[in-house]
Amino acid sequence: MNLPVDKKKISIVCFSGDFDKMVAAFTVATGAAATNREVTMFFTFWGLNALKKKKGRVATGNSLMAKAFNFLMGGINNLPLSRLNFFGASSKLMTMMMKQHNVATLPELVEAAHALGIRIVACEMAMKILEVEQSDMIEEVESVVGVATFLNESENSHIIFI
Amino acid sequence: MNLPVDKKKISIVCFSGDFDKMVAAFTVATGAAATNREVTMFFTFWGLNALKKKKGRVATGNSLMAKAFNFLMGGINNLPLSRLNFFGASSKLMTMMMKQHNVATLPELVEAAHALGIRIVACEMAMKILEVEQSDMIEEVESVVGVATFLNESENSHIIFI
Amino acid sequence: MNLPVDKKKISIVCFSGDFDKMVAAFTVATGAAATNREVTMFFTFWGLNALKKKKGRVATGNSLMAKAFNFLMGGINNLPLSRLNFFGASSKLMTMMMKQHNVATLPELVEAAHALGIRIVACEMAMKILEVEQSDMIEEVESVVGVATFLNESENSHIIFI
């Protein structure tokens, strides 16, 4: 009889929301899940833009400031490249280059993450500051959690900040 | 009789010095300390700007180059947002949005970190390159340490790079 | 008789390719190797620029897009500072400031890493997207590996994303 061995756990804090870093985060996440780790992705601040239901720019929120920020940040189709962004053209170019080489694109990676059982959670505090509601987000978001809860659940996890 | 259990340890390398990333670093740090981890924050490079006593732009240092860099980088009041910075206006807007939603602001987070017993240390090498002295920094800075010392002390820690 | 104790392992994902972050990555890597850890550096995306044989801008690749990206990104001599870049002048200034204070420069750190037995590997997927070949890279690159292989080999490592 084998004793059950605890799975290794990885928690990825998805903070930046840059197109290229989001691709990296999902690539690490799906790769880790595929190699038998338990993975949680905690989306906060700019990272929330990758989870918005509306893929383009929408002025979500109540206060003028939140509306302005959410509009400027946009959704998953507006994620900028962390460098050489050229006003957003680069993310589209990069997606073309990824397709050309049969590499999974960002929306495909989000789907794969969900299918592999990766937990996708959103940061309560960032949502409060930016006035984003869970109803504004894609259904792959399992729940909205506070930082303390996330850190408690990550007690035995490797935390990676992207 | 219970055997004493070692506390989990987290070391956060605060490299970037962006306003939003500093808020994230202190939020993770205080959250981890509150959930019973031993936390060290190691400030290096741009991160040093969050620890300067003078909160605005001062030309610290001896050489012309160090003076120019320190002046341009400024102090805790000049930390830029990592995106949509608008020449510094955004950090102020973001602070307003945080206050509006009763979220702790950056100076409050620094105080909380200190009160929770989080070790705040500064990188010797970065201070040497940028010609910043310990006397230029806030008193919450416990000590100035080399990279080797920091890494030695972090042997059993999770290292998070922000 | 002492049982052999496994070395602590650190895996650094070198994603950003900013000059200052590359210095930080190699400083952490060499410091960790010097304090008896087994270190792997996994270079991906912008990070690949630090490993290119040609130190300046060369239009590597086959497709027009890859050529444009590789030209714009350049090599180790074109790594930008993550802030206050001033069209590349800052990395040169920073190198001068580092030399002035007898701090190891980036090419010296690469050499030191290699001498300390740090594994330098390059990301297969990023090379495919950006159409970079192993022959385009410096000989310190031990091998080209896929994300899954890297994650498998890092099962017991702390993963740091820079």
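Residues numbered from 1 in each chain as written. Chains lettered and ligands numbered in written order. Predicted model: local features only at pLDDT ≥ 70, side-chain atom pairs only at ≥ 80, totals over all residues. Heavy atoms only, no water.

*Asks:* How should I be thinking about the relation of the copies chain C and chain B in this particular structure?
*Replies:* Each copy of the sequence occupies a distinct position, and chain C is placed on chain B by a rotation of 120° and an axial shift of 0.0 Å, giving an RMSD of 0.0 Å. Overall, the copies show the geometry of a three-fold rotation axis. Little of the interface of chain C is mirrored in chain B, where only 14% of its interface residues are also at the interface. (Least-squares fit on C-alpha atoms with pLDDT ≥ 70 in both. Contact = heavy atoms within 4.5 Å.)

*Asks:* Would you take a moment to explain the interface of chain C and chain B for this structure?
*Replies:* Between chain C and chain B, the residue contacts involve 29 residues of the former and 31 residues of the latter. Summed over both sides, the interface between chain C and chain B buries roughly 2,700 Å², with carbon and sulfur atoms accounting for 72% of that surface. By the criterion of area lost to chain B, the three top residues of chain C are Arg83, Met97 and His101 of chain C, representing 24% of everything that side buries. There are zero salt bridges connecting chain C and chain B. Taken together, chain C and chain B are joined by seven residue pairs in polar contact (both at pLDDT 80 or more). Listed by contribution, the elements that provide at least two residues to the side of chain C that touches chain B are helix H1 (19–34), helix H3 (89–100) and strand E5 (157–161) of chain C. (Buried area = accessible area lost by both parts, 1.4 Å probe. Salt bridge = Lys/Arg side-chain N within 4 Å of Asp/Glu carboxyl O. Polar contact = N/O pair within 3.5 Å; in protein donor to acceptor, adjacent residues only side chain to side chain. Helix = DSSP H or I, 4+ residues; strand = E, 2+ residues; numbered from the N terminus.)

*Asks:* What am I meant to see in a nonpolar patch on the surface here?
*Replies:* There is a patch of nonpolar side chains on the surface, built from Phe71 and Leu72 of chain A together with Phe86 of chain B and spanning about 280 Å² of accessible area. Note that Leu72 of chain A resides in helix H2 (residues 64–73). (Patch = residues over 30% accessible without salt bridge, like charges linked within 9 Å, V, L, I, M, F, W, Y side chains within 5 Å. Areas by Shrake-Rupley, 256 points an atom, 1.4 Å probe, with all protein chains shown as cover.)

*Asks:* Please explain the pattern of salt bridges as it appears in this structure.
*Replies:* Close approach of charged atoms allows side chains of opposite charge to pair. Considering all chains together, one arrives at six salt bridges over all chains under this definition. The partner of Glu142 of chain C in a salt bridge is Arg119 of chain C, with the nearest N and O atoms 3.1 Å apart. With Glu142 of chain C in the loop between helix H5 (124–130) and strand E4 (143–145) and Arg119 of chain C in strand E3 (residues 119–123), the pair connects residues that are 23 residues apart, well separated along the chain. Judged by its relative accessible area of 23%, Arg119 of chain C falls in the partly exposed class. In this structure, Glu153 of chain C engages Arg119 of chain C in a salt bridge whose closest nitrogen and oxygen atoms are separated by 3.1 Å. Note that Glu153 of chain C is positioned in helix H6 (residues 147–153) and Arg119 of chain C in strand E3, a separation of 34 residues in sequence. Assessed through its relative accessible area of 38%, Glu153 of chain C is described here as partly exposed. Salt bridges here are not isolated pairs; linked through shared partners, they connect Arg119, Glu142 and Glu153 of chain A. (Buried < 20%, exposed > 50% of the residue type's maximum accessible area, 1.4 Å probe, protein only.)

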